[in-house]
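These are the residues of each chain, in order.
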Amino acid sequence: MKVYVMVGAPGAGKGTQAEILSERVGLPHIASGELFREAMRDGTRLGEQVKSYISRGALVPDELAIKVIAARLARPDAAEGAILDGFPRTRPQAEVLDAALARRGAHVAAALFIGIAEDALLRRLSGRWICQEAGHAYHEIDRPPRVAGVCDEDGSPLYQRPDDRPDTVRARLAQQLPPMYEVIDYYNEQGVLTPVDGEGPVEGVADALVRAIDSTRLAPRGGRELRQPAR
Ligand code: AP5
């Protein structure tokens, strides 16, 4: 079982890259944020529980996030592994994931940290459009769809996420960056942290991530040079 974790600030490109990696390495893309948005769209109890956290840019409580990801990882398409996008977001989530994988004789193969400057995040999030069907991400300037307002992949309408409004983006960054750095430290200690520059073109970042994944296949766990990411 191979589990890759995408780590990065809101808007760093985790979803965009996880979708590409999913095709390139043949593992499902599991996005915690998309699972929550789906629940909110469907008006489920989970959707009701997470709505107030997401709308104010806060993290959903660990126990809810863990429950949702555990259920998703138990589905048959994840038997060989997964690309996790948006989970773990806190150190306790990372520890629970490690324990769950250990019970299946597995571990996180690499934590792929996409680094990007804060001004670029704001620009990316304010221009982002998402498809209603599956959460495919576009950018009105950098990555426009072929037909305005329509998803290239599944033809569903595109919308702007309410939590991409500037005030909420600032709240997301303020509340979510400190726990993200704890997750980075955790994976650095485990020797599986792999930082990649997220500011180039989408395809260039994807190539760098694939090279990083390939290098983890050659190196033993914890056997790579430990690198301290810039803050
Ligand atoms: P989530 O959906 O995970 O949001 P996020 O982490 O804030 O990440 P984003 O989806 O905003 O950004 P991204 O890094 O995926 O960037 P993208 O590829 O779209 O979570 C939503 C909420 O749910 C959270 O705020 C929290 O409340 C809750 N939540 C989720 N998981 C949780 C957990 N585990 N625990 C607790 N709470 C949780 O790219 C952004 C834009 O940039 C797009 O327009 C894209 O087209 C463009 N772009 C991407 N790459 C490039 C590039 N290289 N060049 C130019 N443009 C690019």
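The coordinates are above.
From a predicted model like this one, the values you see are computed outputs, not experimental measurements. (Residues numbered from 1 in each chain as written. Predicted model: local features only at pLDDT ≥ 70, side-chain atom pairs only at ≥ 80, totals over all residues. Heavy atoms only, no water.)

**Some details on the side chain of histidine 136**
With respect to the helices and strands, the residue histidine 136 is situated in the loop between strand 5 (128-131) and strand 6 (137-139). Within the structure, the side chain of histidine 136 is placed 3.4 Å from the side chain of aspartate 154, a separation counted as a polar contact. (Helix = DSSP H or I, 4+ residues; strand = E, 2+ residues; numbered from the N terminus. Polar contact = N/O pair within 3.5 Å; in protein donor to acceptor, adjacent residues only side chain to side chain.)

**Considering the sheet that holds strand 4 (residues 108-115)**
Taken together, five strands build an open sheet; the order of strands is 2-3-1-4-8 and the sheet is parallel. Each having just a single partner strand, strand 2 (29-31) and strand 8 (193-197) make up the two edges of the open sheet. When strand polarity is set aside, the average angle formed by the axes of neighbouring strands in this sheet is 25°. Two elements, strand 4 and strand 8, share five bridges in a ladder whose sense is parallel. Opposite leucine 112, over in strand 8, you have threonine 194 as the bridge partner. Along the sheet, helix 1 (residues 14-25) contacts strand 1 (2-7), strand 2, strand 3 (81-85) and strand 4; its crossing angle with strand 3, the most-contacted strand, is approximately 165°. Contacts between helix 5 (residues 91-103) and the sheet are confined to strand 1, strand 3 and strand 4, with strand 4 contributing the most and set at about 150° to the helix. (Pairing = 2+ DSSP bridges. Axes fitted to C-alpha atoms, helices over the stretch in contact; angles between N-to-C directions. Contact = heavy atoms within 4.5 Å.)

**Re the sheet that holds strand 7 (residues 158-159)**
Here three strands make up an open sheet; going across it, the order is 6-5-7 and the pairing antiparallel. Edge positions in the sheet fall to strand 6 and strand 7, since each of these pairs with one other strand and no more.

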